[in-house]
Amino acid sequence: RKTAPAMLTIGGFYDAEDLFGPFGTFRAIEQLKGTTDNHLAMGPWSHGGWARGDGDQRATLRWNDKTGIWVRDSVEFPFFMHHLAGGPDPKLPKVLIYRTGANRWDRYDAFPPKGATKRGLYLLPGGRLGFTAPASGATGSAFDEYVSDPADPVPVVGRKDGSGMPRDYMVGDQRFASARKDVLTYVTDVLTDDITIAGPVSPVLHVSTSGTDGDFDVKLIDVWPDDAPNWPGDTTGFKVAGYQQLVRGEPFRGRYRRSASAPVAFAPNKPDSLRFAMPDINHTFRKGHRIMVQVQSSWFPLTDRNPQTFVPNIFEASPSDFVKATMRVYHEPKRASRLEVTVVR
């Protein structure tokens, strides 16, 4: 009689090379019959970061826990000792996952955790963001718009140091993007209680473009208080007060809104819709912080520039195909753009 092997999948929330893999592997194994000893451990690491270093910082971000040392000593080693050398059962939870923002480990039977509530985080007129859908008769425009110029794409990070595609962009400060006219920014009021979002983040956008193709990139951001102190002992000079910390961001190429294999052009200036899933998070937006969402149509060089003219193959687009386009994001009751999230109470 064959016995399914014990599985421990480890991954990092800041893995720029393979963020999907750990969650995808864990969930695929969960669907296999006869698999009983399947575990997922997700921490605040870059690619392979759980196997080296202390695991107490990432670029401009700092926390107190030495998560790398702890997971090697308290998770990996006892797991292998038990299954390979007959050591005691470490009794690992099904899901061991670090809660960024709150800087703590959570133990769940499933992920997203059972009992969590599905909510909509709505883009609202006036750059507001909230968990209440836009109401009929509300004042304000039915949409926000910006001009996307392929000749001046939104960069991944707000520095010009020849860094190309920096791996640290996944916690990058988005204050530079908030100042751009080609980035829409929506933000909540100051939070009066902690809010924890766990699981995938799924944008549902109602949009239009004056062109025939376009990207729509979405970023979920944790805005730190204006009086937040700098990290203790940090000598980098980074100003934590007002830090717009990227929690999760994902690009979406609009031509694939109907199908990943059959691209479709946009009808110029005609409202359309798209939906996609961003990779999972387990993050607490703390009391006194704010939640921010940004929408833009370029993210260079993370993604290549979209010419914004529908062509058979973007890689073969000619210079004349690259044009400016006016992008609109709608936030009226019948076209309520939002992020669908799972909130843990």
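For the structure, check the block above.
Throughout what follows, the structure given in this document is the object of discussion. Numbering of residues starts from 1 in each chain and follows the order in which that chain's sequence is written. Reporting in this predicted model follows two pLDDT cut-offs: at least 70 for local features of residues, and 80 or more for side-chain atom pairs to be given and counted; totals over whole chains, interfaces and linings ignore these cut-offs and use all residues. Only hydrogens and water are removed before side-chain values are computed, so all heavy atoms of the structure are retained for them.

With that settled, consider unusual backbone geometry. The residue after phenylalanine 111, namely proline 112, is reached through a cis peptide bond having omega 0°. Here the residue pair phenylalanine 300 and proline 301 is connected by a cis peptide bond, since its omega of 5° sits within 30 degrees of zero. Helical segments are the DSSP runs of H or I of at least four residues, strand segments are the runs of E of at least two, and each set is numbered from the N terminus. Following the sequence through the fold, proline 301 ends up in the loop between strand S16 (290-296) and strand S17 (325-332). Phi at glutamine 308 is positive, roughly 70°, even though this residue is not glycine. Any residue under 20% of the maximum accessible area for its type is buried, any over 50% is exposed, and the rest in between are partly exposed; the area is computed with a 1.4 Å probe on protein chains only. Looking at glutamine 308, the relative accessible area reads 1%, which means it is buried.

Structurally, arginine 62 is set in strand S4 (residues 61-62). A polar contact is formed between the side chain of arginine 62 and the backbone oxygen of alanine 59, at a distance of 2.4 Å. N or O atoms closer than or at 3.5 Å make up a polar contact, with two conditions inside protein: a donor-capable atom paired with an acceptor-capable one, and, for residues adjacent in sequence, both atoms drawn from side chains. A polar atom in the side chain of arginine 62 sits 3.2 Å from the side chain of aspartate 234.

In summary, the pairing rule links any two rings of Phe, Tyr or Trp, Trp by its six-membered ring, whose centres are within 6.5 Å, and it sorts them by plane angle into stacked for under 30 degrees, edge-to-face for over 60 and tilted for everything else. Under the defined criterion, the tally for this structure stands at 15 aromatic pairs. Ring centres 6.3 Å apart and planes at 40° place the aromatic pair phenylalanine 13 and phenylalanine 23 in the tilted group. Of this pair, phenylalanine 13 sits in the loop between strand S1 (7-12) and helix H1 (20-30) while phenylalanine 23 sits in helix H1; the two residues are 10 residues apart in sequence, bridging distant segments of the chain. Overall, the relative accessible area of 2% leaves phenylalanine 13 in the buried class. Judged by relative accessible area, phenylalanine 23 falls into the buried class, the value being 3%.

Here the focus is the nonpolar core. Take the buried Ala, Val, Leu, Ile, Met, Phe, Trp, Tyr and Cys residues and link them wherever side-chain atoms come within 4.5 Å; each set so joined is a nonpolar core. By size, the foremost hydrophobic cluster in this structure holds 43 residues, and its most contacted members are Leu61 and Ile97. Among the elements of the structure, S1, H1, strand S2 (38-43), helix H2 (67-85), strand S5 (95-99), strand S6 (104-108) and strand S12 (217-223) are those that each provide at least two residues to this core. Per-element tally for this core: the top contributor is S5, with four residues. Throughout, a residue-residue contact means that at least one pair of heavy atoms, one from each residue, lies within 4.5 Å. For isoleucine 97, the contacting residues outside a window of four places in its chain are Phe13, Phe23, Met42, Arg104, Trp105, Asp106, Tyr108, Phe111 and Asn282. Leu121, Val218, Phe266 and Ile291 belong to the second largest nonpolar core, which has 32 residues in total.

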